[in-house]
Amino acid sequence: MQVKEFSGEMLSQIQKENIGSFSYRTPTQIIGSADISFFVKKKTNKHEIIQKFKEYQNINLITGQDLGIVDSDLDCKEARLLADEFLTPTNMEFGRESTPRAHRIYKVIDLTKKHTRKYFKLDTKAKDKKMIVELRANDHYTMCLGKYDEDENVVWNTCEYPAEVTWDSLYKATALLATACIFLDKIPNAGNLRDEYL
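Rules of the game
- Residues numbered from 1 in each chain as written.
- Predicted model: local features only at pLDDT ≥ 70, side-chain atom pairs only at ≥ 80, totals over all residues.
- Heavy atoms only, no water.
- Helix = DSSP H or I, 4+ residues; strand = E, 2+ residues; numbered from the N terminus.
- Buried < 20%, exposed > 50% of the residue type's maximum accessible area, 1.4 Å probe, protein only.
- Contact = heavy atoms within 4.5 Å.
- Areas by Shrake-Rupley, 256 points an atom, 1.4 Å probe, with all protein chains shown as cover.
- Polar contact = N/O pair within 3.5 Å; in protein donor to acceptor, adjacent residues only side chain to side chain.
- Arc of directions from axis to C-beta.
- Expected span 1.5 Å × (residues − 1).
- Axes fitted to C-alpha atoms, helices over the stretch in contact; angles between N-to-C directions.
- Parallel < 35°, antiparallel > 145°, perpendicular 65-115°, else oblique.
- Left-handed = near helix turned anticlockwise from the far one by under 90°.
- Nonpolar A, V, L, I, M, F, W, Y, C, P; charged D, E, K, R; others polar.

### What about the overall build of the chain?
Stage number 1. The helix and strand inventory of the chain stands at six helices and eleven strands.
Stage number 2. Residues counted as buried form 44% of the 198 residues belonging to the chain.
Stage number 3. A separation of at least 24 residues holds for 73% of the contacts in the chain among residues at least 6 apart in sequence.
Stage number 4. Split by element, the accessible area of the chain, about 11,500 Å² in all, is 48% carbon and sulfur.

### A word on the side chain of Asn157
Stage number 1. As for its position among the elements, Asn157 is in strand β10 (residues 154-159).
Stage number 2. Under the relative-accessibility criterion, Asn157 is labelled buried at 17%.
Stage number 3. Here the side chain of Asn157 touches Glu93 through a polar contact of 2.6 Å, side chain to side chain.

### Observations regarding the environment of Arg80
Stage number 1. As for its placement among the helices and strands, Arg80 is situated in helix α4 (residues 77-86).
Stage number 2. Sequence-wise, Arg80 and Thr99 are 19 residues apart; in three dimensions their C-alpha atoms are separated by 8.2 Å.
Stage number 3. In terms of polar contacts, Arg80 uses its side chain to reach the backbone carbonyl oxygen of Asp75, at 3.1 Å.

### Things to note about α4
Stage number 1. Where α4 is concerned, the buried positions are Glu78, Ala79, Leu82 and Ala83. Taken end-on, α4 shows its buried residues confined to a sector of 145 degrees, consistent with a single buried face. Along α4, the residues that are exposed and aim more than 90 degrees away from the buried face are Lys77 and Leu81.

### Examining helix α5 (residues 167-186)
One turn of the α-helix equals 3.6 residues, which is why residues spaced by three or four share an orientation.
Stage number 1. For α5, spanning 20 residues, the distance from its first C-alpha to its last is 29 Å, which sits close to the expected 28 Å at 1.5 Å a residue.
Stage number 2. Listed as buried for α5 are Trp167, Leu170, Ala173, Thr174, Leu177, Ala178, Ala180, Cys181 and Leu184. With its buried residues spanning 165 degrees around the axis, α5 presents them on a single face. Exposed residues pointing more than 90 degrees away from the buried face of α5 are listed as Lys172, Leu176, Phe183 and Lys186.

### Considering the packing of α4 against α5
Stage number 1. Where α4 contacts α5, the axes come no closer than 9 Å and their chain directions differ by 135 degrees. Comparing the axis directions of α4 and α5 gives the class oblique. Taken as a pair, α4 and α5 cross one another with a handedness that is right-handed. Taken together, the residues of α5 that come into contact with α4 (itself represented by Glu78, Ala79, Leu81, Leu82, Ala83 and Phe86) are Ala173, Leu176, Leu177, Ala180, Cys181, Leu184 and Asp185.
Stage number 2. By residue class, the composition of the contact of α4 with α5 is eleven nonpolar, no polar and two charged.

Spatial relationships are all this shows, so hold off on functional conclusions.
Given below as structure tokens:
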């Protein structure tokens, strides 16, 4: 799969076409936030922390607002595997280097302020339930340029105009995807049984 790093030129083009809004967080703005707690424990010098975080300057795509941008965040491997069977194809896809199609951007033509965030989790015996997929709309954002804490860069699979959908159609497709992921998760791993279901 061919992926590419997000460039300033691509960012300008997205803004020019009125696709999305962006926020920029500098190292000084995130000092003291939860994002850098693991560095704070190791470094007590504020200047050292700022210098270290110059490697982690990130740009966030602001979802929702008047532009109707919604991010479909495919959190688990089952969701990423099955997404093409349920979600409308879109021309804006990005993610980590290891999961370059985990974020799919849509322009929701009937988005309202009540549409904020919807998510589906897998009910497991583990203390932390496994997140399957999340829809981020108003009052949320998604990092679209920079580097994750685990040292993975953001990469883009496609960067053109996002598909236009309604909220109901996107939500229903996401719910069906989550349901399929639950079924897939319950299939035994023994032999090739899971491959036969796929």
